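# Breakdown of the fold
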Amino acid sequence: MYTQKFEYTAPKTLDEALHLLAAGAKPLAGGMSLIPMMKLRLAAPEHLVDLGKLRDLNYIREAGGALHIGATTTHAELEGSPLLRQKCPLLAETAAAIGDVQVRNMGTIGGSVAHADPSADYPAALQALEAKLVLKGVKTERTVSAADFFVDAFTTSLEPNEIIREVIVPVEAAETGTCYQKMPQPASGFAIVGVATRVRRSGGKIAFVRIGVTGLSNRGYRAAAAEKALEGKTGSAAEIKSAAALVAQGVDANSDLHASAEFRRHLAAVHAARALTAALARAT
Ligand SMILES: Cc1cc2nc3c(=O)[nH]c(=O)nc-3n(C[C@H](O)[C@H](O)[C@H](O)COP(=O)(O)OP(=O)(O)OC[C@H]3O[C@@H](n4cnc5c(N)ncnc54)[C@H](O)[C@@H]3O)c2cc1C
């Protein structure tokens, strides 16, 4: 199937792109989600503005104790970044788990996050990392937390004229172990359920734990009850198992042809236990 006809502009500056978006154009990044939607006639934008050619949106930098990632940085660039692998390995590991090499070479973190597919991988890591997103309009710029950004399936707090300019994640503290585990949908690799964990011990007890979940429901979230259950514990197998059993607590689990709600809840507990066990083993 072909797309409907559309106008295409590859602006040279971010300012030019923002003015075109304010006039009603739609951003194009890697095209991995938008182009298939246009071919299926689920989207029919009249004017596409290609952000992929803007070099000033493609970077991974360390500043002020955090890593700043430009929106058009591809999954492959995140996966292969020595800086990210050293300072925020959870995000590099998550990027490496996306789709296949073609998708990772074209798809971008900004495009994935803006698209907000409930089965996308990044929301688990971004929730666990308590990431921030910088949203830019022609004359505005604001920073929102990942918790506030993801609203519902394919719905975010982006205003129509805004783009994601960058994603900010913390430089991981010493002795923190992290891990991302998912059950991939066999054809696409999308997460039927994915769990991202960060764990740190102090004096033999778990002093810090963050758990982000994707795929289970309409939006990625932090599993607060499971985090609370593990804080102050030693991290024995029994404690991990009972905390992992809480990751889906109070969540309205999705059900589709790939997995029932009950099976998704089971997968969430299994993958949470695996991700917590691996993160603890890496927390040295
Ligand atoms: C075969 C296949 C397998 C895949 N497997 C996985 C997987 O396993 N896990 C996973 O997480 N994803 C998967 N994906 C999705 C992939 O990660 C896409 O890269 C991603 O969803 C969209 O990113 P993009 O850069 O291609 O954005 P595009 O498709 O260009 O755009 C997506 C949407 O975001 C908007 N947009 C783009 N950039 C911005 C910005 N900076 N600010 C505001 N809005 C913006 C666009 O207007 C559009 O609405 C898969 C895709 C395919 C085709």
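Look a little higher up for the structure.
Read on for a plain summary of the structure. (Residues numbered from 1 in each chain as written. Predicted model: local features only at pLDDT ≥ 70, side-chain atom pairs only at ≥ 80, totals over all residues. Heavy atoms only, no water.)

This part is about the overall build of the protein chain. Looking only at helices and strands, the protein chain features twelve helices and 14 strands. Relative to the 2.2 N^0.38 estimate, which gives 19 Å for 284 residues, the radius of gyration of the protein chain is 19 Å and therefore close to what a compact globule would have. In terms of principal-axis extent, the alpha carbons of the protein chain reach across some 60 × 45 × 30 Å. When the 284 residues of the protein chain are sorted by exposure, 49% land in the buried category. The contacts in the protein chain between residues at least 6 apart in sequence include a share of 62% that link residues at least 24 apart. (Helix = DSSP H or I, 4+ residues; strand = E, 2+ residues; numbered from the N terminus. Rg over C-alpha atoms; globule rule 2.2 N^0.38 Å. Buried < 20%, exposed > 50% of the residue type's maximum accessible area, 1.4 Å probe, protein only. Contact = heavy atoms within 4.5 Å.)

As a further point, take the nonpolar core. Grouped together as the largest cluster of nonpolar side chains are 33 residues, with contacts concentrated most on Leu91, Val113, Tyr122, Leu126, Leu133 and Val169. Listing elements by their share of this core, those giving two or more residues are β5 (66-70), α5 (89-96), α7 (109-115), α8 (122-128), β6 (132-136), α9 (146-149), β10 (163-170) and β12 (191-202). For this core, the leading source of residues is α8, giving five residues. Setting aside residues no more than four positions away along its own chain, Leu126 makes contact with Leu91, Val113, Ala131, Ala146, Phe150, Val167 and Val169. (Core = buried A, V, L, I, M, F, W, Y, C linked by side-chain atoms within 4.5 Å.)

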